[in-house]
Amino acid sequence: MNKPLPVWRRSGIDLRLLLMSMLLIAMGVVFNVLSGGVFLSPENLYNIAQQTAVVGIVSTVMVLVIVARHIDLSVGSVMGFVGVLIAYLQYTSGWSWPTACLAGLAVALLVSIYQGWLTAVLGVPSFVVTLGGLMSFRGAAFLVADGKTQPVTDEFFQTLGGGYDGGIGVTATWVVTGIVAVALLFRMFQKRKALRHYEMPTEPIAIDLMFTAVPIAVLAVFAWSMNHYQISSKTEAQGIPIPVLIWAVVAIVLSFLVHRTRFGRYVFAMGGNPDAAELVGIPVKRVTLMLFALLAVLVTIAAIVSIARLNAGTNSLGTGMELYVIAAAVIGGTALAGGSGTIFGSVLGALIMQSLDSGMLLLDVAIGKRMVIVGQVLIVAVVFDVLYRKKFGDR
């Protein structure tokens with residue numbers, strides 16, 4: 001006689017993501033105690049949210065790249081190259097920021113399609129192609145402005161980075177929170193309606209409400225915290241930072257692509273078995289090129305947010321970011337062997353990475369020790385993923 005499935009399985013909860021969420025909460029509590037209450041203060045949470053946004057934006061699409069059995073080691077260098085170019089066109093050439101951003105996007109698309117073509121059409125491993133890109137485009141970032149810092153001064157553009165007065169405000173924050181809460185409840189009732197339509201069993205409504213109430217409560221606490229952060233006593237509360245809002249929109253769009261479009265199904269099919277995917281008629285080469293083009297779009301968005309936050313483009317922009325992006329995807333449960341991963345997992349992974357780094361910084365841990373710890377955390381995450389899949393498979 002088969003044992004009944006546990007509630008978390010019947011409700012579609014990913015155990016790995018649940019464990020990662022618990023780890024993030026535990027890290028917050030521990031760092032808050034050790035830092036004397038500073039870690040969970042509105043100011044620090046605001047900074048963590050802003051700092052995580054750039055890595056989070058790129059890690060959402062890196063999940064799909066890894067799922068399709070590819071890798072991109074050049075995202076940090078390409079972001080630096082595109083960021084410096086956008087800043088250079090604004091500061092030195094006098095272009096408007098929208099025109100400069102479109103030019104940066106065009107260059108990013110050329111770079112990604114070039115690397116994607118080498119990978120998809122010629123069959124060169126993406127690891128090798130993007131490893132070369134890591135060095136080449138870091139040099140290109142230096143050549144754009146001869147290594148000189150390029151300031152950006154447009155006030156609206158600067159708000160995209162969430163710097164001084166870069167939040168959406170108290171009222172807008174609560175409006176956004178309310179809209180998301182209603183959307184989550186609507187999604188829950190739609191799911192129950194669909195299950196009943198196909199005569200499938202449903203959980204008691206109390207259980208579904210509980211699982212829906214948890215993310216709503218987390219979002220409400222986050223909104224409350226952001227609404228209690230003020231840069232100074234003379235300024236209004238900031239609310240949700242604009243980079244976080246951009247990150248959220250990116251994550252929602254990518255989730256839609258994954259779950260509701262043919263492109264998303266093709267990516268996961270390619271990751272599960274590339275040869276079989278090609279045999280059943282999936283245009284593997286075209287989908288790979290589209291995937292690299294999507295990566296270019298999000299790298300450009302990340303570059304815009306980054307230079308807007310720093311108020312300048314520098315040739316060192318994005319240095320080492322590729323490691324944090326890949327780590328965020330892996331810690332969030334993306335299998336390096338391909339075929340498995342979630343957008344929400346990348347969000348959790350990015351938050352864990354940035355919270356760990358921020359917590360150690362508050363505790364004045366030396367940079368060498370921080371690098372060692374971050375590297376070992378990545379190894380532990382991969383080991384956990386391997387052991388989990390041996391025991392539970394991809395469930």
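If you check an unreviewed UniProt entry, the chain appears there as ABC transporter permease from Variovorax humicola. According to the UniProt record, the Subcellular location (unreviewed entry) comment for the chain is "Cell membrane".

Caption draft 1: The arrangement of helix α8 (residues 170-197) in detail. Over its 28 residues, α8 extends 41 Å from the first C-alpha to the last, a length consistent with the 40 Å expected when each residue adds 1.5 Å. Every buried residue of α8 is accounted for by T173, T177, A181, M188 and R192. On its buried face, α8 is in contact with α9 (205-226).

Caption draft 2: Representation of the pattern of salt bridges within the structure. Applying the stated rule across the entire model yields two salt bridges. The salt bridge partner of R192 is D208, with a shortest N-O separation of 2.7 Å. Linking R192 in helix α8 with D208 in helix α9, this pair joins segments that are 16 residues apart in sequence. Overall, D208 belongs to the buried group, its relative accessible area being 14%. One salt bridge in this structure joins R370 and D357, with 3.5 Å as the shortest N-O distance. With R370 in helix α16 (residues 367-392) and D357 in helix α15 (residues 343-362), this pair connects stretches of sequence that are 13 residues apart.

Caption draft 3: Fine view of the packing of aromatic side chains. Evaluation of the coordinates by the stated rule reveals five aromatic pairs. Centre to centre, the rings of Y46 and Y229 are 4.6 Å apart; their planes meet at 35°, and the pair counts as tilted. One end of the pair, Y46, is in helix α3 (residues 42-67); the other, Y229, is in the loop between α9 and α10 (242-260), with 183 residues separating them in the sequence. Both residues of the pair, Y46 and Y229, count as buried. Connected via pairs of aromatic rings, a cluster forms that spans W97, F156 and F157.

Caption draft 4: Summary view of the packing of α3 against helix α14 (residues 321-331). Remark: α3 packs on α14, axes separated minimally by 8 Å, with the N-to-C direction vectors making an angle of 65°. Handedness of the α3/α14 crossing: right-handed. In this structure, α3 uses V54, V55, V58, S59, M62, V63 and I66 to contact α14, whose residues at the interface are M321, Y324, V325, I326, A328 and A329. Looking at side-chain class alone, the contact of α3 with α14 contains twelve nonpolar, one polar and no charged residues.

Caption draft 5: Seen up close, the environment of D154. On the secondary structure map, D154 appears in the loop between β1 (150-151) and α7 (155-159). The sequence separation of D154 and T173 amounts to 19 residues, and the corresponding C-alpha distance is 24 Å. Beyond its immediate stretch of four places on either side in the chain, D154 contacts Q90 and W97.

Conventions we followed
Residues numbered from 1 in each chain as written. Predicted model: local features only at pLDDT ≥ 70, side-chain atom pairs only at ≥ 80, totals over all residues. Heavy atoms only, no water. UniProt positions renumbered as here; feature names shortened; annotations may be inferred. Helix = DSSP H or I, 4+ residues; strand = E, 2+ residues; numbered from the N terminus. Expected span 1.5 Å × (residues − 1). Buried < 20%, exposed > 50% of the residue type's maximum accessible area, 1.4 Å probe, protein only. Contact = heavy atoms within 4.5 Å. Salt bridge = Lys/Arg side-chain N within 4 Å of Asp/Glu carboxyl O. Phe/Tyr/Trp six-rings, centres within 6.5 Å; stacked < 30°, edge-to-face > 60°. Axes fitted to C-alpha atoms, helices over the stretch in contact; angles between N-to-C directions. Left-handed = near helix turned anticlockwise from the far one by under 90°. Nonpolar A, V, L, I, M, F, W, Y, C, P; charged D, E, K, R; others polar.

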